[in-house]
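# Per-entry structural report
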Amino acid sequence: RGDRGDARRALASALPIGPDAIVNLPVEDFNAALGRARLSGPELALARDIRRRGKNKVAAQKCRRRKLEAIAGLQEELGRLGRERERLLRARGQAERALGTLRRDLAVVSAQVLGALKDGDGHPLPPELRPAPQAGLGLESPGLG
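Residues numbered from 1 in each chain as written. Predicted model: local features only at pLDDT ≥ 70, side-chain atom pairs only at ≥ 80, totals over all residues. Heavy atoms only, no water.

The name recorded for the protein in an unreviewed UniProt entry is NFE2 factor, from Uria aalge. What the UniProt record of the protein gives under Sequence similarities (unreviewed entry) is the line "Belongs to the bZIP family. CNC subfamily." (UniProt positions renumbered as here; feature names shortened; annotations may be inferred.)

Following this line, the structure appears as structure tokens:
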């Protein structure tokens, strides 16, 4: 059964309205056409059955179309998010490399500054008397997380 089956059934029972009109007419026009046609009970049931199945078919087609559109939209979003992820991973790598460079530079400068400290007589301070490097600069942790 289907559209062709409905068309054959409509022709066999001599419905005055074709299956396309039965499905596509506005409900008021459909009911008016049925009232004018003076159909028997089985003919009326057939016309309503054809309309119901036709409307259901159209609704199913729309549903499938919307589902495909939703899938296409999700695929686009997935591609966009993948590109964003790659961009962020590259930025993170650059930030980690820059942080490593800053840590090395800080270690060099700290060693130079601490090595240049002198006691009151102008003699270099022995390492055990030098102050510890200051914490809290945000450069102590080994990674970004």
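## Some points on the overall build of the protein
Along its length, the protein carries four helices and zero strands. Listed by position from the N terminus, the elements making up the protein come as α-α-α-α. Considering only intrachain contacts with a sequence separation of at least 6, the fraction spanning at least 24 residues in the protein is 59%. Accessible area of the protein: about 11000 Å², with a carbon and sulfur share of 59%. (Helix = DSSP H or I, 4+ residues; strand = E, 2+ residues; numbered from the N terminus. Contact = heavy atoms within 4.5 Å. Areas by Shrake-Rupley, 256 points an atom, 1.4 Å probe, with all protein chains shown as cover.)

## Points about unusual backbone geometry
A positive phi angle is found at Arg38, which is not glycine, with a value near 50 degrees. You can see Arg38 is positioned in the loop between α3 (27–37) and α4 (41–115).

## Quick notes on the side chain of Asp49
Relative to the helices and strands, Asp49 resides in helix α4. With relative accessibility at 14%, the residue Asp49 sits in the buried group. There is a polar contact of 2.6 Å between the side chain of Asp49 and the side chain of Arg53. (Buried < 20%, exposed > 50% of the residue type's maximum accessible area, 1.4 Å probe, protein only. Polar contact = N/O pair within 3.5 Å; in protein donor to acceptor, adjacent residues only side chain to side chain.)

## Points about the nonpolar core
In this structure, Leu15, Ile17, Ile22, Val23, Phe30, Ala33, Leu34, Leu39, Leu46, Ala47 and Ile50 together form the largest nonpolar core, which totals eleven residues. Broken down by secondary-structure element, the contributors of at least two residues to this core are α2 (19–24), α3 and α4. (Core = buried A, V, L, I, M, F, W, Y, C linked by side-chain atoms within 4.5 Å.)

## Description of the environment of Glu84
By the secondary structure assignment, Glu84 is in helix α4. Its relative accessible area of 31% is what places Glu84 among the partly exposed residues. Of the polar contacts made by the side chain of Glu84, one reaches the side chain of Arg87; its length is 2.8 Å.

## Quick notes on the side chain of Arg51
With respect to the helices, strands and loops of the structure, Arg51 is situated in helix α4. No salt bridge is formed by the buried Arg51, whose closest oppositely charged neighbour, Glu28, lies at an N-O distance of 7.6 Å. Reaching out from Arg51, the side chain makes a polar contact with the backbone oxygen of Leu25 at a distance of 3.0 Å. Dropping the residues within four chain positions of it, Arg51 is found in contact with Ile22, Val23, Leu25, Pro26, Val27 and Phe30. (Lys, Arg positive; Asp, Glu negative; His and termini not counted. Salt bridge = Lys/Arg side-chain N within 4 Å of Asp/Glu carboxyl O.)

## Some words on the confidence of the model for the protein
Averaged over all residues, the pLDDT of the protein equals 85, while 82% of them reach at least 70. Looking over the protein, one finds the lowest element-wise mean pLDDT in helix α1 (residues 3–12), namely 63, and the highest in α4, namely 95. (pLDDT = per-residue confidence, 0-100.)

## Focus on the environment of Pro16
Topologically, Pro16 is positioned in the loop between α1 and α2. Of the residues examined, Pro16 reaches a relative accessible area of 55% and is grouped as exposed. Each C-alpha atom, one on Pro16 and one on Ala47, is 9.9 Å from the other, the two residues being 31 residues apart in sequence. Apart from the residues within four sequence positions on either side, Pro16 is in contact with Ala37 and Leu39.

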